[in-house]
Amino acid sequence: MLRKLSALAAISVLAACSSPAADAPQDPAAANTEATRMNLIDRALQISAPTAEQRPLTIEQLGRTRTDEYAWLRDDNWQEVMRDPSLLQADIRAHLEAENAYYEEVMSPTEALQERIFQEIRGRIREDDSSVPERDGEFEYYTRFREGGQYPIFARRPVDPATPGDDAEQILLDGDAEAEGIEYFDFGTVGHSPDHRYLAYSVDIRGSEYYEIRIRDLATGEDVATLTDESTGDFAWANDSTTLFWVWRDANGRSKRVYRQDREAGESVLVYDEPDDGFFVNIGNTAGDSYVVIAASGHTTSEVRLIDADIPASDPVLVAARETDVEYSLTETGDGFYILTNLDGAVDFQVMRAPLDAPQRENWEPVIDHRPGTLITGLLGFRDWMVRVERENALPRIIVRNLGDGAEHTIAFDEEAYSLGIDPGFEFATNSMRFSYESPSTPEETYDYDMATRERELRKRQEIPSGHNPADYVVRRIMAPAHDGEQIPVTLLYHRDTPVDGSAPAMLYGYGSYGITIPASFRVTPLSLVDRGMIYAVAHIRGSQARGYGWYLDGKLENKMNTFRDFVSAGEALVAEGFTSRGNMVAYGGSAGGLLVGAAINLQPDLFAGAIAAVPFVDVINTMSDPSLPLTPPEWPEWGNPIEDADAYDTIAEYSPYDNIAAIDYPHVLATAGLTDPRVTYWEPAKWVARLRATRADNGLTLMRTNMGAGHGGASGRFDSLRETAENWAFALMTVGLADAEVEELATAAE
């Protein structure tokens, strides 16, 4: 559970916009004059912004003193507010609502533009889309959406009907029906029992990430039990189709315990209790369903226990005791467990093997040696095959290994930047492996790949109902020189008609924490910026694993400043290579990426015209000094512990966006928040916006939008979430001067 912005799995593909921008970008050089830019911005600056009361709180820590004048925005009753938002303290609610009202007034002239962008993005999504069915025994399972539906439908149909024509779909779970009348609704895990008779599913109805686990009898279509409303949403079936294992979340929002429970909601039995607040607990099944896996992990430390899935009441068996900074995970195949681990200094990971019935560490034997610079990111096991994904120089490849003779072959592609994915599926004794391919300009393609014959079958190409021609777009990968001589990969997407002469505005996106790497994938949302003449760039900065695990280590703890400097360097490279110009960029990031945005505009504010920080982790020193918060102890290995370590305190204090706001000119800023967000609590962006507005030397916009009925990922419905994206894009276009003419055109058309 990280401070990451949940990715919306767009089954994407949408419509021709009514604007000429859908066909070709406007001329940025004409649109981006200072006079044009001033229209919407000047009007917005005439509107009075809320002023948060200052109630200074002095904090003494490790011989250091800091003052927090907006600490009162943190409700002391925050745990209960996560469960019941109506309990929010009245003065805090009044302030958040005042911020929302101010935001609405500032952005009101762009409402028609927001609607146009929303319809564009929605038009790129096939509304009745469905996944490629996955076979499991006598059934194939899939998800689909109905036209206009917000939530998925989970369904199945027989593979080989006993009676001709008896292949009708059976709807297992209708998300639209389940969510009816509920403001926020999110599915966690959905999984059928091994005998196909029951369906377990988890739902969050507040955005607080406390999930109910429900059991449905698929013979009757009725729910027969609710096991808990305090789960993380994770569960695993035992092979008896009666026993379910699930993970409990404590009052501080941490995954702490694993319980075993009968599907008829019998008494829960404690199976595992994690003693360390710094570890997360997850549950799952091995590829061949031989074991239930209990995984406890810190950010760089792993510990795995196995339960025989045929004997669910048996005690968990420890594979290897946790050792600081040693990570490992197990993948079941027909000839044993394959272990992906960084043991013995294998920074970019190695693969080892152990017998299924003796997986303990003393039985691990090397299979694939560590190769510096080639990061092994994951394994997928089958009875006769083992598949791994590697990344080198920020590009992935898939390697297939025949377990019989050890022969290997590679699946790779030729674009400058692309993304590959593998799907574990349900079946173990098969030669078929499913993978996906996409690039920033190429919609996702899903293939079934025969590992024996090496033949591939295209099962689905992402459809864009409004039309999409990859040839209309240019995908580039450049290397930006960093402050210390490193080379930072940057992926660019722009329309072929966009001039590359420095006149085009750009959006620079980044994340850069927890080792999470942003793939060079196809996304429908940036096209609404690119079609209007913006260049969309993704900076693969340190703190990710784009260039190996060492790339992550060079962007955490005492090296964290590298992450922020890399992002700035990526922006400066876009200017130096003539893609855009200084002050003509929008910085964008969410969660830990919001921290990136906040730190970057403190470091180099004049590089950006605007900044969008979605649910931003910006109050780092205060949050990492509060062990009651859900993610604080688990994330000390990522950021450092400023309660006990003076060096960690000083490092964090150097970059924490909230603590480094200065009386300087800043770009226009939009921050977003979710009231029930357990990852980045609402008061972080609220405090940051209040201090930034009170301190900045200029009179630029400082806006905040709080979703009063959602958490970290924003609105839960697939179309509601697109409206929030459309609002962000309207703000971005406004700050670089690309919104004024279109807003005027829409206003004229409406008269």
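Being a predicted model, the structure only gives us computed values, none of them experimental.

Rules behind the numbers
- Residues numbered from 1 in each chain as written.
- Predicted model: local features only at pLDDT ≥ 70, side-chain atom pairs only at ≥ 80, totals over all residues.
- Heavy atoms only, no water.
- Phe/Tyr/Trp six-rings, centres within 6.5 Å; stacked < 30°, edge-to-face > 60°.
- Helix = DSSP H or I, 4+ residues; strand = E, 2+ residues; numbered from the N terminus.
- Buried < 20%, exposed > 50% of the residue type's maximum accessible area, 1.4 Å probe, protein only.
- Lys NZ or Arg CZ within 6 Å of the ring centre and 35° of its normal.
- Pairing = 2+ DSSP bridges.
- Axes fitted to C-alpha atoms, helices over the stretch in contact; angles between N-to-C directions.
- Contact = heavy atoms within 4.5 Å.

### Thoughts on the packing of aromatic side chains
Now for step 1: This model, assessed by the stated rule, comprises 27 aromatic pairs.
Now for step 2: Summarising the aromatic geometry, the rings of Tyr151 and Phe185 are spaced 5.6 Å apart at their centres and angled 80° between planes, so their arrangement reads as edge-to-face. Of the two residues, Tyr151 sits in the loop between strand 4 (139-144) and strand 5 (153-158) while Phe185 sits in the loop between helix 6 (175-179) and strand 7 (186-192), which places them 34 residues apart along the sequence. For the residue pair Tyr151 and Phe185, the accessibility class agrees, reading buried in each case.
Now for step 3: Pairing Tyr514 with Trp639 gives two aromatic rings, centres 5.8 Å apart and planes at 90°, and the pair type is edge-to-face. Here Tyr514 is found in the loop between strand 32 (506-509) and helix 7 (527-530), whereas its partner Trp639 is found in helix 12 (residues 632-639), with 125 residues between them in sequence. For the pair Tyr514 and Trp639, one class covers both residues: buried.
Now for step 4: Against the face of Trp72 rests Arg55, its NZ or CZ located 4.0 Å from the ring centre.
Now for step 5: A cation sits over an aromatic face here: Arg456 above Tyr447, 5.7 Å from the ring centre.

### Regarding the sheet that holds strand 33 (residues 535-539)
Now for step 1: If you trace the eight strands from one edge of the open sheet to the other, you get 30-31-33-32-34-35-36-37, paired in mixed fashion. Only two strands of the sheet have a single neighbouring strand rather than two, namely strand 30 (473-481) and strand 37 (702-707). Strand-to-strand twist of the sheet, defined as the mean angle between neighbouring strand axes without regard to direction, takes the value 20°.
Now for step 2: Bridge count for strand 30 against strand 31 (residues 487-495) is nine bridges, and the pairing is antiparallel. In the strand pairing of strand 31, Ile478 is matched with Val490.
Now for step 3: Each of strand 36 (668-674) and strand 37 touches helix 4 (residues 90-107); the most contacted strand, strand 37, lies at about 115° to it.
Now for step 4: Across the sheet, helix 10 (residues 592-603) touches strand 34 (585-590), strand 35 (610-614) and strand 36, and the angle it forms with strand 34 is around 145°.

### What to know about the sheet that holds strand 27 (residues 432-438)
Now for step 1: In space, the four strands of this open sheet follow the order 26-27-28-29, with antiparallel pairing throughout. At either end of the open sheet lies a strand with only one pairing partner, and these are strand 26 (419-423) and strand 29 (456-461). Between one strand axis and the next, the sheet turns by 25° as a mean value, whatever way the strands run.
Now for step 2: Sheet topology places strand 28 (residues 445-450) next to strand 29; five bridges connect them, and they run antiparallel. Each bridged residue has a counterpart across the sheet, and for Tyr449 the counterpart in strand 29 is Arg456.

Honestly, it's all geometry; don't read function into it.
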